[in-house]
Amino acid sequence: MAVTIRLATFEDVPHLLKLIDISVRGLSANYYTPNQIESSLKYLFGVDSQLIIDSTYYVAEIDGVMVGCGGWSKRNTLFGGDQHKQVEDPLLDPAKDAARIRAFFVHPGYARQGIGRHIIDVCEAEALKNGFTRFELGATLSGVPLYTAMGYQPVKRVDTILPDGEVLGVLKMERRGT
């Protein structure tokens, strides 16, 4: 199984939205209620266009099929797609701030096969090249096992109250670059 990683483009957005939907529905069912999943897809999870503009969002493909996506950011937002943001993110200072590891989704049919880890490795390497020495992320409960296995440590719960009153459990995690 040869996984290729490339930068995401705006032409990928329709496919990314489908992948995000399939990933959230398929991999979150053991961690969140059906109402939390529906609400998160409506109000929180989606494409963050700024990551594509910044050339920090990646697509993982196997034989030309999109099987995962994820990115890193030099901006302040910890998690959430365009529908969750109000304004453009301010830039972070690599000398004092942690790069954000953002918006990871893997197709359930390809989960637990190293795809997420591969994308994270690419993201961390790029963030290090841009002067960052620490990484921070907002982990869904379904993502915590992967991030823990990669050396991320929990910092605090940052549960998100969505506009319809649903609460989505999220754990802020961090790790130092190597």
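Just above, that's the structure.
Below is a short write-up of the structure. Please read all numbers here as calculations on a predicted model, not as lab measurements. (Residues numbered from 1 in each chain as written. Predicted model: local features only at pLDDT ≥ 70, side-chain atom pairs only at ≥ 80, totals over all residues. Heavy atoms only, no water.)

1. A few points about the pattern of salt bridges
Part 1 of the reasoning: The full count for this structure, using the stated rule, is 12 salt bridges.
Part 2 of the reasoning: With its nearest N and O atoms 2.8 Å apart, the salt bridge here joins Asp12 to Arg6.
Part 3 of the reasoning: On the basis of relative accessible area, Asp12 is assigned to the buried category, the value being 7%.
Part 4 of the reasoning: The exposure class assigned to Arg6 is partly exposed, which follows from its relative accessible area of 28%.
Part 5 of the reasoning: Across the pair Asp54 and Arg75 runs a salt bridge, and its minimum N-O distance is 2.6 Å. (Salt bridge = Lys/Arg side-chain N within 4 Å of Asp/Glu carboxyl O. Buried < 20%, exposed > 50% of the residue type's maximum accessible area, 1.4 Å probe, protein only.)

2. A few points about the side chain of Lys172
Part 1 of the reasoning: Position of Lys172 among the secondary structure elements: in strand β9 (residues 170–176).
Part 2 of the reasoning: Looking at Lys172, the relative accessible area reads 18%, which means it is buried.
Part 3 of the reasoning: Excluding anything up to four places from it in sequence, Lys172 contacts Leu78, Glu136, Leu137, Gln153, Pro154, Val155, Lys156 and Val158. (Helix = DSSP H or I, 4+ residues; strand = E, 2+ residues; numbered from the N terminus. Contact = heavy atoms within 4.5 Å.)

3. Here's the deal with the layout of surface pockets
Part 1 of the reasoning: Volume-wise, the largest pocket comes out at about 650 Å³.
Part 2 of the reasoning: In this structure, the largest pocket is lined by 34 residues; those nearest its centre are Phe104, Thr140, Gly143, Leu146 and Tyr147.
Part 3 of the reasoning: Secondary structure elements with two or more residues in the lining of the largest pocket: α1 (13–27), β4 (99–106), α4 (115–129), β5 (134–140) and α5 (144–149).
Part 4 of the reasoning: Of the residues forming the lining of the largest pocket, the biggest block, 6 residues, is contributed by β4.
Part 5 of the reasoning: Residues that form the lining of the largest pocket fall into these classes: 19 nonpolar, 12 polar and 3 charged. (1 Å grid on protein atoms, 1.4 Å probe; cavity = no way out; pocket = protein on both sides within 12 Å on 5 of 7 lines; lining within 4 Å. Points joined across faces, edges and corners; volume = space filled by probe spheres on them. Nonpolar A, V, L, I, M, F, W, Y, C, P; charged D, E, K, R; others polar.)

4. Considering the state of the cysteines
Part 1 of the reasoning: Evaluation of the coordinates by the stated rule reveals 0 disulfides.
Part 2 of the reasoning: Here Cys69 stays free of any disulfide, with the sulfur of Cys123 as its closest cysteine sulfur at 10 Å.
Part 3 of the reasoning: For Cys69, a relative accessible area of 0% gives the class buried.
Part 4 of the reasoning: In this structure Cys123 comes out as buried when scored by relative accessible area, which is 0%. (Disulfide = S-S within 2.5 Å.)

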